[in-house]
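Next come the chains, spelled out residue by residue.
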Amino acid sequence: MRRGTIVRWGVPIAAAAVIGAAVGAGPVIAAVSGEPVLPERTAAQLLADAAAAVKKAGGPPAMSGTVQQTASLGLPALPAQGGTASPLALLSGSHEVKVWYGAQDRLRIALPGQMSETNLIVNGDQTWYWDSGTNTATKVKLPAKPEGDQPLATPSPTDLTPQQVAETFLDRVNEDTGVSVTNTAEVAGRSVYQLVLTPKAQSSLVKEVRLALDGENYVPLQVQVFAKGSAEPAFQVGFTQVTFSPPAEENFAFTPPAGAKVEEKEFGQLQEPGADHSKEAEKAAEQVKVVGNGWTSVAVLPFKQDGQAQESREAQAAKLILDQATPVSGAWGSGKMIKTKLVTALLTDDGRLLAGAVTPDELVKVAGQ
Amino acid sequence: MTSEVLLEAGAPSGAAPPAAITTSGLTKRFRGGQVAVDAIDLDVPRGSVYGFLGPNGSGKTTTIRMLLGLITPTEGTFTMPPLTTVGALVEGPAFYPYLSGEANLLRFDAADPSAPPRTAKARAAEALERVGLAAAAGKRYRAYSLGMRQRLAIAAALLRPRRLLVLDEPTNGLDPQGTREVRALVKDVAAEGTTVFVSSHLLAEVEQMCTHAGIMSAGRLVAQGTIASLSGGRAARIRIDTPDLEAAARVLAALELPDVRVGSDVTAELGGHAPERINAELVVAGVAVRGLSVVRTSLEDVFVGLTGEGFDVDG
Amino acid sequence: MSTADTQTGARRTPGLVPVSETRRSAERAAAPREPSVLSEPEPSGGVVAFWRLLRSELGLTFRRPRNLIMLGVLALVPVIIGIVLKSIGTEDADGGMGALLAATAGNSLMLTFVALSALVPLLMPIAVAVVAGDSIAGEAGTGTLRYLLAAPAGRGRLLAVKYLNAVAFSVAVTAAVAVSALVVGVLLFPVGPVTLLSGTTVSFADGLLRILITVGYVSAGMAALAAVALALSTLTEVSIGAIAATLVLIIVTQVLRAFPQLDWLAPYLLPTHWSGFDGALRDPIGDMSGGLLAFTAYIALFLSTAWARFSGKDISS
């Protein structure tokens, strides 16, 4: 090959290399980042700081940013959804949520879809839910506050903000768990402490949980759940971009636009229109039994297979998943096993649903109890 | 090499280098190994009309494409005047069918970075006038006849005063009248001092138009030089048609003509003798002369001698 | 370096005549028989000559009936959408695009966004692909490429002109849709404050500004496609081949995007980012930098590929 030819083709190759480097830079930097930029902390110190930051009476500092949630649970592929606003859509793929947090009573969460947007805006005693897809503004009446210090109920059935997810995991930090801290990672361009929680139980499907806490103010910026035998996180939620400064006031001001439908609803009814699961969910919740504790806890609940509301997307998706389940049987009876990277579920023929982040063997053991 | 070309471009008029185009070992091997042009060493003198002669497929167009920078030589080098001073007609005309003749010329003029935009229209009109297309200037190219298209291509090559004109088969598709016009045009252009490099597969054309010629065969340059030197490689002969073969041969030998041969007629190299003088001598010697002719070797003989190939007489 | 390479350099940089005009005039008088190359007026300079070639290129593109018809058809779509919306009304609009259509009936500016949503996935890319895919291959096919290069247009220079021309056409395509939709919208629907996707209401002027942002973003997306089509155009001498290859790429990527299993691939596909213009309809204006970066990456990669290919290509057509 001529030298001229090599030089010429060097240009696009260099361009490709630069682009490739830029595309891969995020994960690469996070993984191999060199010098620790934060002072060392013991896990205990950090845990205390973190717990204080999350539970602090004043709440986390004012901030805004983009939260990305990625799930690769190894679920069977779900049929394409009409809009990303469906909670089920959050179970697979990658989703972005914009968050503006002013104070405990000033919050805006926006879920952008293609040529659509769903917003939850909390401003003092006013809470609005805006869905551009249906051109509907819903004034939400929050249920009477429980006496707990949780300032805000989660708007979505899937926990979305790192704060909430972190809290759940922090509660699990006990003697079942190996805890270590790294101080070299970076999330959304900020130096973070990464708290690595490793379940000790053999039967847990979770390899480790990594919790990234902002190096300055200990706000959890990212949570990653790694399944055993997988290098990529099975579930991840975290900021891809974050600013710790009070967001513009306009974000919390909402007036229903002219021409929009305006409704008023209880918080619990704030679901997919036509699919009012809240009552059933409540009923189901009363019947849930938790067997075991910590990482290996298994939820047991009654489940009717001749589904209610077959037309709903959720039901269709459930059916699709069930069709791919493996039949299993044993001394305890028989049923269908669904295994994903992180969660195993067993639907017994006698009408019980067992689910947990445990190995199938463990689940079968619980089913036999 | 770059500096050499630049030097030539900027050279004062008095110090004109002797050659307009030189190539050295110029070679083009296409992918697949086919050698289209095989190490040719062209030497096109400045101010000449150089006939680049060879049958179709002998590598003429490939050479021209290399000279114009359209394809990269596999090996070898060449020097040329800068392309802004070269007008070219390569492998037939090619224009935008939906544009008028004039608009087409302006399009190609715009592509030349050194063409002065202000004079573009005037130059286009002049070029069209020169090839006899002034009346059809506003007509769409689509409606042009084959001959008009060829002329438009020549007009494009003449848009600016040129140092070198490269014309690849310029008379293709022209009627005899058009062919004559092109020849006249070439003569005109050459008279202005422009070097003309004209490729052709027609011998007669090259013999009539050119001062120099190079002969291509199967990718190789088998001969080049002035037309005179090429065809003069072998001397002209006198041929006498007579029943008195022996007597005639004696007379020619007595006149000291070299290489006297006797067959069905008598021939000898003419040397510097005047044919009418020889005729007189023959008559004086009582030889019955039925006919007397002078046979000059033509380019064709040279070519056949060099390559063992003939030309297709009329493309 | 081989000798052929040095020569290559020589022929690509045709020497300008570095002598002042006055001196050349004098020479002309002294040596009238010298070919008058040296007596030409001073060439107008690189930039001016570049603009001249670009103007010539734009003239070809925007006078060519085929291209005008494509622009006309694209400009017609908003008219049809507008008339249909006006005549059938949007009472039974339900969810998704329905609500957007309903919003259109309520505000003149929304028609622009509806029209772009409808045209950005396929029709506008087709128009851009036709012009950019034809750019080099078309000239090669008709043989005019050899005359342009012998002129000598210069390969890099010609490629730059061809790409800028394709970018201009991308902008024209987007502007044709936006302007047509704007005019039809103002004629058929109420003019006033605009409701954004976020539920915020902004003034008409703010709405116009957002349309301008949208036109810029969509044009950039189309310009990225033009770079792909231009690169394909340097690979062939059959313009329909380059155009068809570009269209196949668009359709294949659009199909790939429909598979949720391939979600991980989506951020790398060009069409994914085209619809990102809806960021202009959010409050605050959505982050479009991701899309613009993707467009830049596509342009850098494919333009440099086109250059590497074209500058070394043997032109044998």
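About the thresholds
- Residues numbered from 1 in each chain as written.
- Chains lettered and ligands numbered in written order.
- Predicted model: local features only at pLDDT ≥ 70, side-chain atom pairs only at ≥ 80, totals over all residues.
- Heavy atoms only, no water.
- Helix = DSSP H or I, 4+ residues; strand = E, 2+ residues; numbered from the N terminus.
- Buried < 20%, exposed > 50% of the residue type's maximum accessible area, 1.4 Å probe, protein only.
- Contact = heavy atoms within 4.5 Å.
- Areas by Shrake-Rupley, 256 points an atom, 1.4 Å probe, with all protein chains shown as cover.
- 1 Å grid on protein atoms, 1.4 Å probe; cavity = no way out; pocket = protein on both sides within 12 Å on 5 of 7 lines; lining within 4 Å.
- Points joined across faces, edges and corners; volume = space filled by probe spheres on them.
- Axes fitted to C-alpha atoms, helices over the stretch in contact; angles between N-to-C directions.
- Parallel < 35°, antiparallel > 145°, perpendicular 65-115°, else oblique.
- Left-handed = near helix turned anticlockwise from the far one by under 90°.
- Nonpolar A, V, L, I, M, F, W, Y, C, P; charged D, E, K, R; others polar.
- Buried area = accessible area lost by both parts, 1.4 Å probe.
- Salt bridge = Lys/Arg side-chain N within 4 Å of Asp/Glu carboxyl O.
- Phe/Tyr/Trp six-rings, centres within 6.5 Å; stacked < 30°, edge-to-face > 60°.
- Pairing = 2+ DSSP bridges.
- Polar contact = N/O pair within 3.5 Å; in protein donor to acceptor, adjacent residues only side chain to side chain.
- Expected span 1.5 Å × (residues − 1).
- UniProt positions renumbered as here; feature names shortened; annotations may be inferred.
- Core = buried A, V, L, I, M, F, W, Y, C linked by side-chain atoms within 4.5 Å.

Novice: Honestly, the overall build of chain C in this entry has me stumped. Any pointers?
Specialist: Each helix and strand in chain C was counted, giving 13 helices and two strands. Counting across all 317 residues of chain C, residues that qualify as buried make up 53%. Sequence-distant contacts in chain C: of pairs separated by 6 or more residues, those separated by 24 or more amount to 76%. Summing over all exposed atoms, chain C offers an accessible surface of approximately 12400 Å²; the carbon and sulfur share of this is 72%.

Novice: Would you mind going over empty space enclosed by the protein with me for this structure?
Specialist: Empty space among the atoms becomes apparent when a probe as large as a water molecule is rolled across them. Applying the stated criterion across every chain, the model contains nine cavities of 30 Å³ or more. Its volume calculated, the largest cavity comes out at about 170 Å³. Along the walls of the largest cavity sit 16 residues, with Phe108, Ala156 and Arg162 of chain B together with Tyr147 and Ala151 of chain C positioned nearest its centre. Elements with a minimum of two residues in the lining of the largest cavity: strand 6 (86-89), helix 3 (101-111) and helix 5 (146-157) of chain B together with helix 8 (144-150) of chain C.

Novice: Quick question: what am I supposed to make of the packing of helix 6 (residues 110-119) of chain C against helix 10 (residues 204-233) of chain C here?
Specialist: The packing of two helices is summarised by the inter-axis angle and the distance between the axes. Residue and element names in this part refer to chain C. One can describe the packing of helix 6 onto helix 10 by two numbers: an axis separation of 10 Å at closest approach and a directional angle of 15 degrees. Judged by the inter-axis angle, helix 6 sits roughly parallel to helix 10. Of the two possible hands of crossing, helix 6 and helix 10 adopt the one that is left-handed. Residues Thr112, Phe113 and Leu116 of helix 6 touch helix 10, and the partners they reach there are Arg210, Ile211 and Thr214. Tallied by class, residues from the contact of helix 6 with helix 10 come to three nonpolar, two polar and one charged.

Novice: For this particular structure, what's the right way to read the interface of chain C and chain A?
Specialist: Taken together, the 39 residues of chain C in the interface contact 35 residues of chain A. Summed over both partners, the interface of chain C with chain A comes to about 2600 Å²; 61% of that surface belongs to carbon and sulfur atoms. At the boundary of chain C and chain A, one finds one salt bridge. Ionic pairing is found between glutamate 117 of chain A and arginine 282 of chain C, a salt bridge with its closest N-O pair at 2.7 Å. For the side of chain C that touches chain A, the secondary-structure elements that each account for two or more residues are helix 1 (3-12), helix 5 (97-106), helix 6 and helix 13 (289-311) of chain C.

Novice: Where do I start with the packing of aromatic side chains in this structure?
Specialist: All names here are of chain A. In this structure the tally under the stated criterion is 15 aromatic pairs over all chains. With centroids separated by 6.4 Å and ring planes inclined at 5 degrees, the aromatic side chains of tyrosine 193 and tyrosine 218 adopt a geometry described as stacked. Of this pair, tyrosine 193 sits in strand 8 (residues 190-199) while tyrosine 218 sits in the loop between strand 9 (206-214) and strand 10 (220-227), and the two are 25 residues apart along the sequence. Of the two residues, tyrosine 193 and tyrosine 218, both sit in the buried class.

Novice: Sorry if this is basic, but what is going on with the sheet that holds strand 9 (residues 212-217) of chain B here?
Specialist: All names here are of chain B. Ordered in space as 6-7-8-4-9-10, the six strands form an open sheet in which the pairing is mixed. In this open sheet, the two edge strands, each paired with only one partner strand, are strand 6 and strand 10 (220-226). Each strand axis lies, on average, 15 degrees off the axis of its neighbour in the sheet, ignoring direction. Inspection of the sheet shows strand 7 (residues 164-168) paired to strand 8 (residues 195-200) by five bridges, in the parallel sense. From the neighbouring strand, leucine 165 faces strand 8, where its bridge partner is valine 196.

Novice: In this structure, what is going on with the side chain of threonine 85 of chain B? I would like to understand it.
Specialist: All names here are of chain B. Position of threonine 85 among the secondary structure elements: in the loop between strand 5 (75-79) and strand 6. What makes threonine 85 buried here is its relative accessible area of 4%. Here the side chain of threonine 85 touches proline 82 through a polar contact of 2.7 Å, landing on its backbone oxygen.

Novice: Would you mind going over helix 10 of chain C with me for this structure?
Specialist: For an α-helix the count is 3.6 residues per turn, leaving residues at separations of three or four pointing the same way. Its 30 residues give helix 10 of chain C an end-to-end C-alpha distance of 42 Å, which sits within 8% of 44 Å, the value for a rise of 1.5 Å per residue. Among the 30 residues of helix 10 of chain C, 21 are classified as buried, and the element is accordingly described as predominantly covered.

Novice: Explain the environment of valine 120 of chain C here, please?
Specialist: All names here are of chain C. With respect to the secondary-structure elements, valine 120 resides in the loop between helix 6 and helix 7 (123-142). Classification of valine 120 as buried rests on a relative accessible area of 3%. When the C-alpha positions of valine 120 and methionine 222 are compared, they lie 8.7 Å apart, and in sequence the two are 102 residues distant. Discounting chain neighbours no more than four positions away, the residues touching valine 120 are Pro125, Val218, Met222, Trp274 and Phe277.

Novice: Can you help me understand the UniProt feature "transmembrane region" (unreviewed entry) in chain C in this one?
Specialist: All names here are of chain C. Mapped onto this numbering, the UniProt entry gives "transmembrane region" (unreviewed entry) at residues 68-89, 109-132, 163-189, 209-232, 239-259 and 291-310. Its end C-alpha atoms 35 Å apart, residues 209-232 is made of 100% helix and 0% strand. The span residues 239-259 shows a helical share of 90% and a strand share of 0%, and its end C-alpha atoms are spaced 31 Å apart.

Novice: What should I look at first to understand the pattern of salt bridges in this one?
Specialist: Should their charged atoms come close, side chains of opposite charge can pair. All names here are of chain C. Applying the stated criterion across every chain, the model contains 31 salt bridges over all chains. With a closest N to O distance of 3.2 Å, arginine 64 and aspartate 134 form a salt bridge. Within this pair, whereas arginine 64 is found in the loop between helix 3 (46-63) and helix 4 (65-88), its partner aspartate 134 is found in helix 7, the two being separated by 70 residues in sequence. On the basis of relative accessible area, aspartate 134 is assigned to the buried category, the value being 11%.

Novice: What should I look at first to understand the nonpolar core in this one?
Specialist: Residues Leu68, Met80, Leu105, Val196 and Phe197 of chain B together with Met124 of chain C are the most contacted members of the largest nonpolar core, which totals 159 residues. Looking at this core element by element, the count peaks at 15 residues for helix 10 of chain C. Not counting the four nearest positions on each side in its chain, leucine 105 of chain B is found in contact with Ala124, Ala127, Leu128, Leu152, Ala155, Ala156 and Leu159 of chain B. Of all hydrophobic cores here, the second largest spans 39 residues; its members include Leu46, Met63, Val67 and Val97 of chain A.

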